[in-house]
Amino acid sequence: MKRWQGFRILGIIVSLNGCSQTTYSGFESSGGTTPFQSRMVRFEMSDWYFRDPPDCITVLPVKDVDDRRFTGMVEEAVARHLSGKIKRIIGPVERQNLERRLAFDLGNVGDRRRFTGQMQCRHYAQPEINNVENTYALVWAEKNLDLGLRIHGYDDKILLWRASHRASRGDGGLPVSPFSLGTALFSAGRAHNDRDMFPSMVDDSFRRMLKKLPDTRQF
């Protein structure tokens, strides 16, 4: 059993170190991806994106996740990277202020329709946190983050664009000597306690996803 666990950790290390180039694939053609393909981005764009190019997007709150610090980080990252593609972005802070001032709940389709007419901002970005894992096994520490993003009109049935990305980072090693054991323990402990790793993964994930989003600022 211990030998099998050692081979498993070695496989993780080799797989993570080998994923150094971001690849892009449609949702239909990427069903065979493995958990360690941390540079795989799936995306899809509908014809609606060019029929009604977004010039203003409101970033919606993340659904079904209670950690407001983490969801706020995700929403801010979405707004920051969208601003390099879209002329006008209503980020989370401005959205919250407008919701309070106008007495709207943008989780409600009817309120989004009224908000669209009042603010002249026709499109919405819905960030998704699909999975978060933080694994620590003494000689190996690994963080996994599965995020998604959808862009749609006030009615989310009309989807313009969507993407998802699963990021993984880890550190440690397979101990084969007392010295390598100490090095692996130190590296794994440092990675496990690194509070900047998840924020960096969030930022990298949306930067990679939105690379394929057409820039409408010149439309």
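The present account deals with the structure reproduced in this document. (Residues numbered from 1 in each chain as written. Predicted model: local features only at pLDDT ≥ 70, side-chain atom pairs only at ≥ 80, totals over all residues. Heavy atoms only, no water.)

**Some remarks on the packing of aromatic side chains**
Alright, step 1. Inspection of every chain in the model, using the stated rule, returns 5 aromatic pairs.
Alright, step 2. With 6.2 Å between their ring centres and 80° between their planes, Tyr-24 and Phe-43 make a pair best called edge-to-face. Note that Tyr-24 is positioned in strand 1 (residues 23-25) and Phe-43 in strand 2 (residues 40-45), a separation of 19 residues in sequence.
Alright, step 3. Using a relative accessible area of 24% as the deciding quantity, one classes Tyr-24 as partly exposed.
Alright, step 4. Measuring from ring centre to ring centre gives 6.3 Å for Phe-104 and Phe-115, while their planes differ by 75°; the resulting arrangement is edge-to-face. (Phe/Tyr/Trp six-rings, centres within 6.5 Å; stacked < 30°, edge-to-face > 60°. Helix = DSSP H or I, 4+ residues; strand = E, 2+ residues; numbered from the N terminus. Buried < 20%, exposed > 50% of the residue type's maximum accessible area, 1.4 Å probe, protein only.)

**Remarks on the environment of Arg-122**
Alright, step 1. Residue position: Arg-122 is located in the loop between helix 5 (109-119) and strand 5 (123-136).
Alright, step 2. Ignoring sequence-local partners within four residues, the contact set of Arg-122 consists of Asp-52, Pro-53, Asp-55, Cys-56, Thr-116, His-152, Gly-153 and Tyr-154.
Alright, step 3. Engagement of the side chain of Arg-122 in a polar contact is seen with the backbone oxygen of Pro-53, the distance being 3.2 Å.
Alright, step 4. A polar side-chain atom of Arg-122 sits 3.4 Å from a polar atom in the side chain of Asp-55. (Contact = heavy atoms within 4.5 Å. Polar contact = N/O pair within 3.5 Å; in protein donor to acceptor, adjacent residues only side chain to side chain.)

**Here's the deal with the packing of helix 3 (residues 68-82) against helix 7 (residues 197-210)**
Alright, step 1. Where helix 3 meets helix 7, the closest approach of the two axes is 9 Å, and the angle between their N-to-C directions is 35°. When the axes of helix 3 and helix 7 are compared, the crossing they make is right-handed. Within the contact between the two elements, helix 3 uses Phe-70, Met-73, Val-74, Ala-77, Val-78, Arg-80, His-81 and Leu-82 and helix 7 uses Phe-198, Pro-199, Val-202, Asp-203, Phe-206, Arg-207 and Leu-210.
Alright, step 2. Counted by class, the contact of helix 3 with helix 7 contains 11 nonpolar, 1 polar and 3 charged residues. (Axes fitted to C-alpha atoms, helices over the stretch in contact; angles between N-to-C directions. Left-handed = near helix turned anticlockwise from the far one by under 90°. Nonpolar A, V, L, I, M, F, W, Y, C, P; charged D, E, K, R; others polar.)

Limitation: the analysis is restricted to geometry and does not speak to function.
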